Each structure stands twice: as structure tokens, then as C-alpha cells.
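# Summary of the model geometry
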Amino acid sequence: VYAIARADRAAECAAGLEGVAGEPVRAVIGGDLAAAVGTVRLDEFRGAGLRRNLSDVNAFAANARAHNSVVSAFRRGGPVIPVRLGTIYRDDRRVCQLLLKEHEDMVTALRRISGRDELGVKAYADPKSLAIQGDLIQPEATEAAPRVPYLLRRRRQLASQQEGYRFASAEADRVHAVLLRCAVEGKRKQPIDESQSSKDPRLVLDGSYLVDGDVV
């Protein structure tokens, strides 16, 4: 399952689409709602097969792009509720049951996001800038005379960097607060350190914000 939308234009949006396994995408109707679905091999998208796909960076990226492509195509027909990548139902009947059982909540959600867009915002901090900022906060950290033992210099360097990270985190809090004032609703995820080393940019803000269409 890729997305939930209103049923009136679902078949039109599904025409010609291919999903994560290159399968044709179709619309399953339940009342006045529709789900964008595709039939895939269960051994590839459940259990060990799914874990293998998720752990393979290239396979995961390809699946994510295909999944997002289907969701984006349905968005052109109106508001949609995206479904998490890898959500599997055994047959169309169970998808239809989902649409009917959760009908009221789904309709409310679609009404809430109608005419609005969800924006993802990520902010990264540059380690070099953080170190400089940390030095400004802790002037003593700049004392790195050759006579100072290596471990002491290293301790001061790390302290300076940590001060920089705290400064970056505070700035991320400020940016998030500003974005919330511009949004109908917003949610901030706990940043996962995506850096490969201390020299790589560090993620300090990972947020999603629902905004009115005329704000974008």
C-alpha cells in the first residue's frame, strides 16, 4: 500500500504507474476512499527479504524513490495520506476493510491537509564552524602552545567542540520555533547523527511542517 486518497480520481492517478517492484499500481476502493496498491512478492517484502532490502542502501534508495513517486502521482489528484514504505496487506479485501474501518479518521485527515503541503526541513552544522564557535565561548580552549601536553590540548579541543554543538542545538531550537509559527502543525524528530566522522556536517534539526499552500 502506497497512499490513501479520495476515490473520485484514484483510478486516473493510478493509470500507468509502476511501484517498488515494477508492478502496475491500481486503486482499491472502499466507500469514497481509495488506496494506491501494487502486488509484490511476499518473500521480498516481508521477514528476511524485507530486512535484506532495508539493509541494502542501493535497494532501499530505489524502493524509497519508487514509493515516493507513486505518492507524488496521487497527490496531483488531491490530498493524500502517505503510507509507510513496506506496508503489506495480503489481499485487496483486507485493504478495503482498512478503508471502511478507519474511514472517519482518514476523511478527517484528508480534510485537514487539503490545500496544504508538508515540508521536510533538515539543518546541518559544520564542525569547523562549531569549533570556532566553541573557541569563542571558551577562550581558554585556544591556548594550544607546544608546551601544553597533547592530552590536555585534546581535552580542550573536545570541550570547545562540545560547546559548539550546544550552540548549534540551541540555534536549531530557535529555527524550529520560528517554523512552527509559520506552520499549521509541526513535528521534530530526534536527529540521528548521519556523519561518518567528526569532520562531516552534523544533523541538528530534522522536522516536518504542515503549511498552507499559499505560504509555500
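The rules behind the values
- Residues numbered from 1 in each chain as written.
- Predicted model: local features only at pLDDT ≥ 70, side-chain atom pairs only at ≥ 80, totals over all residues.
- Heavy atoms only, no water.
- Core = buried A, V, L, I, M, F, W, Y, C linked by side-chain atoms within 4.5 Å.
- Buried < 20%, exposed > 50% of the residue type's maximum accessible area, 1.4 Å probe, protein only.
- Helix = DSSP H or I, 4+ residues; strand = E, 2+ residues; numbered from the N terminus.
- Contact = heavy atoms within 4.5 Å.
- Pairing = 2+ DSSP bridges.
- Axes fitted to C-alpha atoms, helices over the stretch in contact; angles between N-to-C directions.
- Salt bridge = Lys/Arg side-chain N within 4 Å of Asp/Glu carboxyl O.
- Expected span 1.5 Å × (residues − 1).
- Arc of directions from axis to C-beta.
- Polar contact = N/O pair within 3.5 Å; in protein donor to acceptor, adjacent residues only side chain to side chain.

### Some thoughts on the nonpolar core
- Ranked by internal contacts, the top residues of the largest apolar core, which has 19 residues, are Y2, L17, V25, A36, V70, F74 and V80.
- Looking at which element gives the most residues to this core, the answer is helix α3 (residues 57-75), with five residues.
- Residues in contact with F74, not counting those within four places in the same chain, are A5, A10, C13, A14, L17, V25, A36 and V80.
- Membership of the second largest hydrophobic core comes to twelve residues, among which are V28, L33, L98 and L99.

### Let's talk about the sheet that holds strand β2 (residues 26-30)
- Strand order in the open sheet made by the four strands is β2-β3-β1-β4, with antiparallel pairing throughout. Here the strands that pair on one side only, and so sit at the sheet edges, are β2 and β4 (80-82). Averaged over all neighbouring strand pairs, the angle between strand axes comes to 25°, with direction disregarded.
- Relative to β4, α3 is tilted by about 170°, and along the sheet it contacts β1 (3-6), β3 (33-37) and β4.

### Considering the sheet that holds strand β5 (residues 116-125)
- Read across the open sheet, the three strands follow the order β5-β7-β6; overall the sheet is antiparallel. Strand pairing shows two members of the sheet lacking a second neighbour, β5 and β6 (185-189), which therefore form its edges. If you compare each strand with its neighbour and ignore which way they point, the axes differ by 15° on average.
- Pairing analysis gives ten bridges linking β5 to strand β7 (residues 202-212), with the strands arranged antiparallel. Within the sheet, the bridge partner assigned to R116 lies in β7 and is D212.

### Focus: the pattern of salt bridges
- This structure, assessed with the given rule, holds nine salt bridges.
- The salt bridge partner of R116 is D212, with a shortest N-O separation of 2.8 Å. One end of the pair, R116, is in strand β5; the other, D212, is in strand β7, with 96 residues separating them in the sequence.
- Classification of D212 as partly exposed rests on a relative accessible area of 30%.
- R174 is the salt-bridge partner of E171, the closest N and O atoms lying 3.2 Å from each other. In this pair, E171 and R174 both sit in helix α7 (residues 150-182), three residues apart, roughly one turn of the helix.

### Quick word on α3
- Along its 19 residues, α3 runs 27 Å from first to last C-alpha, staying within 8% of the 27 Å computed at 1.5 Å per residue.
- Taken together, the buried positions of α3 are occupied by N63, A66, H67, V70, V71, A73 and F74. Each buried residue of α3 lies within a common arc of 165° when the element is viewed along its axis, so the set occupies one face. Facing away from the buried side of α3 by over 90 degrees, the exposed positions are V57, N58 and R65.
- Looking at the buried side of α3, the elements it contacts are β1, α1 (10-14), β3, α2 (47-55) and β4.
- Backbone nitrogen of N58 and a side-chain oxygen of the N-cap are separated by 3.0 Å at the start of α3; the cap is D56.

### Some points on the side chain of H176
- Tracing the backbone shows H176 in helix α7.
- If we ignore the near neighbours within four places in the chain, the residues touching H176 are K187, R188, L205 and Y209.

### Some points on helix α4 (residues 92-101)
- Of all the positions in α4, only V95, L98 and L99 are classed as buried. Along the axis of α4, the buried positions cluster into a sector of 95°, meaning they face one direction only. Facing away from the buried side of α4 by more than 90 degrees, the exposed set consists of L100 and K101.
- Against β1, β2, β3 and α5 (103-113) lie the buried residues of α4.
- The N-terminus of α4 is capped by D91, whose side-chain oxygen sits 3.2 Å from the backbone nitrogen of R93.

### Quick notes on the pairing of β7
- Of all eleven residues in β7, eight are buried; the element is thus mostly enclosed.
- Strand direction decides the pairing type here: β6 and β7, joined by five bridges, are antiparallel. The partner of K189 across the bridge, within β7, is D206.

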